[in-house]
Amino acid sequence: MSKVIGIDLGTTNSCVSVMENGEPIIIPNSEGGRTTPSVVAFTKDGERIVGEAARRQQAVNPDRTILSIKRDMGSDRRIRIDGKAYTPQEISAMILQKLRRDAESYLGGTVTRAVITVPAYFTDAQRQATKDAGRIAGLEVLRIINEPTSAAFAYGLDHGQSQKILVYDLGGGTFDVSLIEIGDGVIEVLATSGDNHLGGDDFDERLVDYIVKEYRQSEKVDLRKDTAALLRVREAAEKAKRELSSQLKADIVLPFLTQDKNGTHHLEIAITRACFDELTHDLVDRTCGPVNQVMNDAGLTMKDLSQVLLVGGSTRIPAVQEMVRRLTGKTPAKTLNPDECVAMGAALQGEKLSAGSGTGMTVSSAAKDVILMDVTPLSLSIETLGGISTKIIDRNTTIPARHSQIFTTAAPFQTSVDIKVLQGERHFARDNKLIGNFRLSGIRRAMAGVPQIEVTFEIDVNGIVKVTAKDLGTGNQQAITISSTSNMSEEEIRRAMDDAKAYEAWDRERKEAVEARNTAESLCFETEQALHKDKTCDKEQKRIIKDQLSALKKALGRTKPDSITKEQAEELTRLSSQLRESAASLHPEP
Ligand code: AMP
């Protein structure tokens, strides 16, 4: 059976890991990078590019480049390109498809199964959308796990004793903080909190704002009016930010940045770490709230912590590390690479699931005996009389979970009840998020308060919720599996899977066509050289070779590398093989 890959599908970057010789290793992408930018772009001639190449061309193709799609997972946003509306799931699937293909070339075989991580704060709809993205990309998603849990799992193997660990994860677009308990072969998430809209991108934006302001003063030019220039500034700001993690000063030099009636303007600016810290200190401070919240939720103080783990590329920022140290009183552990440990944990979990036939209880490797337990990030309730949100499952309940409660009717002779399923911590239903709605009818006519209706909430290991309402009088029952209306229907997913497969075939065909063209070009060149140097071949044979060479060159002239068709490629292959055969009789002198 093929190996299971662990995928950290990040807002800014994604990372893939697989188990080799009992250890999780990182799979490099086809460009040699250990992480892949989560960027998708559509070129003007309809080609899709994903990863580093897509990221690099964003400055010249901003309207057709899609960044941070993870922020839109589970929403009903559509990305319109060339008259087609793509769901966030389909765009994410394009990233996953590249990760899968790169893993396949690295492993030399088909990859069909994966464990994918999501932020702890992801709602049910967002988790479901991530699972659907995996399916569209041709992956069976064995499990969706929380990123901090996955990181703790990667670290958990290094620590024997029972301990409470704070996982502080500041990535490109999301901030998650979790309190994990490791002990006795169990990793349990005690509490989670965070901010879905805080990450490295915000730090970049602060630097961009600063540069734009300085530029307006010195050059009297508003860079915000020049999209391409602004993207170059943003890219340079991100690079400078990274440099400032190890240096005290970073220089940004962007020649020929923009033009106006006064001519061309260049940009040259030096940013010190102190200036960067000043511009971003409130962002760093904003992460304190969720840290304090998880400690309060779990009823613990910082003294109870044994370890603090730093996860996510933005935790390389010295001010972030310093703040975490000051707030927790602990020096954070950094033995694993913060960009990679989430994927590594997913690979470990993948092997565990694969070895244990999905029960997650039997394992063959170092992951032996470790059971992974997760918690629900938000409370689940139903609406009851007076618009009250009555909790059935409290936030931070370990999953899988199943809870039942008996309800009754509010009006005499009521024969149906509407079950409104809510997610959130607020007292009134209207303040929480309605995630599902169904009606149980056929209740036996009786006075108010007599019928007994049992409402059961079940959350599976992926955090997917099923709600059942049963009239205990008649045995009549109704159930729903919550999937937000913004998510894709089964039919839409199937269509997207077909599209993705068709695109993969088309992509392969295009690659083959471009290769046929390249081969034909080199063959023309080599044959010309050989003809020139040959001293033995007879005249008639040389004439045949020259004719064939000229036919191939003409056919080549009719094609363009960007738009070569399948038929043109077939013609080139046919002419190339004829020429290759004839040219074999040439004997160039050494
Ligand atoms: P992740 O989503 O974990 O890959 O984190 C990506 C974020 O980390 C991006 O915003 C990067 O700019 C940021 N990042 C990566 N390396 C560094 C670094 N050395 N210093 C500061 N931020 C970094």
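1. Digging into the domain arrangement of the protein
Domain parsing of the protein yields domain 1 (4–198 + 287–374), domain 2 (200–283), domain 3 (376–488) and domain 4 (493–583). Between the C-alpha centres of domain 1 and domain 3 there is a distance of 31 Å. Across the interface of domain 1 and domain 3, roughly 2000 Å² is buried in total on both sides, 46% from carbon and sulfur atoms. Taken together, the links from domain 1 to domain 3 amount to zero residue pairs in polar contact (both at pLDDT 80 or more). Those elements that place two or more of their residues in the side of domain 1 that touches domain 3 are helix H2 (88–107), helix H3 (124–136), strand E11 (140–146), strand E14 (186–195), helix H8 (288–298) and strand E18 (371–375). For the side of domain 1 that touches domain 3, the class distribution of residues is 11 nonpolar, eight polar and 11 charged.

2. A look at the layout of surface pockets
Roughly 500 Å³ of volume is contained in the second largest pocket. The wall of the second largest pocket is formed by 19 residues, among which Arg 48, Ile 49, Arg 101, Asp 507 and Lys 511 lie closest to the centre. Secondary-structure elements contributing two or more residues to the lining of the second largest pocket are strand E6 (48–50), H2 and helix H11 (490–533). The greatest single-element share of the lining of the second largest pocket, amounting to six residues, is contributed by H2. Residues belonging to the lining of the second largest pocket are distributed by class as follows: six nonpolar, four polar and nine charged.

3. What to know about the pairing of strand E27 (residues 477–481)
If a strand is regular, its side chains alternate between the two faces of the sheet. Sheet topology note: the strand E26 (residues 465–471)/E27 ladder contains five bridges and is antiparallel. What sits directly across from Ala 469, in E27, is Gln 478. Between E26 and the antiparallel strand that follows it, E27, lie five residues; Gly 475 among them carries a positive phi value of about 85°.

4. A few points about the site of the ligand
Near the ligand there are 13 residues, and of these Glu 238, Lys 241, Ser 245, Gly 313 and Ser 314 occur at the shortest range. Between the ligand and Gly 313 there is a distance of 2.9 Å, counted from an oxygen atom to a backbone nitrogen or oxygen. Protein chains bury 91% of the 500 Å² of accessible surface belonging to the ligand in isolation. When residues of the shell around the ligand are assigned to their parent elements, the largest contribution, three residues, is made by helix H6 (residues 227–243). Of the residues that constitute the shell around the ligand, the class distribution is one nonpolar, eight polar and four charged. The residue makeup of the shell around the ligand includes at least three contributed by each of domain 1 (4–198 + 287–374) and domain 2 (200–283).

5. Digging into the nonpolar core
Side chains of nonpolar character tend, in soluble globular proteins, to be buried together. Ranked by size, the top nonpolar core spans 47 residues in total, and within it Leu 166, Tyr 168, Leu 223, Ile 252, Leu 257, Leu 267 and Met 295 carry the most contacts. When residues of this core are assigned to domains, at least three fall in each of domain 1 (4–198 + 287–374) and domain 2 (200–283). Each residue touching Met 295, except ones within four places of it in the same chain, is listed here: Leu 166, Leu 179, Leu 300, Thr 301, Met 302 and Leu 305. If you look at the next biggest cluster of nonpolar residues, it comprises 38 residues, including Ile 7, Leu 99, Ile 116 and Ala 137.

Conventions we followed
For every chain, the first residue of the written sequence is number 1, and numbering continues from 1 along that sequence. Note on the predicted model: pLDDT of at least 70 is required for a residue's local features to be given, and 80 or more for side-chain atom pairs to be given and counted; whole-chain, interface and lining totals, by contrast, use all residues. Side-chain metrics in this entry use all non-hydrogen atoms of the structure; hydrogen atoms and water are not considered. Here the limits of each domain have been adopted from an automatic or database domain assignment. We define buried area as the total accessible area lost by two parts upon association, computed with a 1.4 Å probe and summed across both. We define a polar contact as two N or O atoms separated by no more than 3.5 Å, with the added condition that, inside protein, one atom must be a possible hydrogen donor and the other a possible acceptor, whereas residues neighbouring each other in sequence contribute only through side-chain atom pairs. In DSSP terms, a helix is any run of H or I states spanning at least four residues, a strand is any run of E spanning at least two, and both are numbered starting from the N terminus. Note on residue categories: nonpolar means Ala, Val, Leu, Ile, Met, Phe, Trp, Tyr, Cys or Pro, charged means Asp, Glu, Lys or Arg, and polar means any other residue, Gly included. Residues are said to line a cavity or pocket when one of their atoms sits within 4 Å of a point; the points come from a 1 Å grid over protein atoms alone, cavities being sets where a 1.4 Å probe fits but cannot get out and pockets being open sets with protein on both sides within 12 Å along at least five of seven lines. Grid points are joined across faces, edges and corners, and a volume is the space filled by probe spheres set on the points. The criterion for strand pairing is that DSSP finds at least two bridges linking the strands in question. Residues are classed as near a molecule or strand on a simple rule: at least one heavy atom within 4 Å of it. We get accessible surface area from the Shrake-Rupley algorithm with a probe of 1.4 Å; when it comes to residues, only the shown protein chains can shield them. To qualify as a nonpolar core, a set must consist of buried Ala, Val, Leu, Ile, Met, Phe, Trp, Tyr and Cys residues joined through side-chain atoms within 4.5 Å. Relative accessibility under 20% of the residue-type maximum defines a buried residue, over 50% an exposed one, and the middle range a partly exposed one, all with a 1.4 Å probe and only protein chains included. The contact criterion used throughout is that any non-hydrogen atoms of two residues lie within 4.5 Å.

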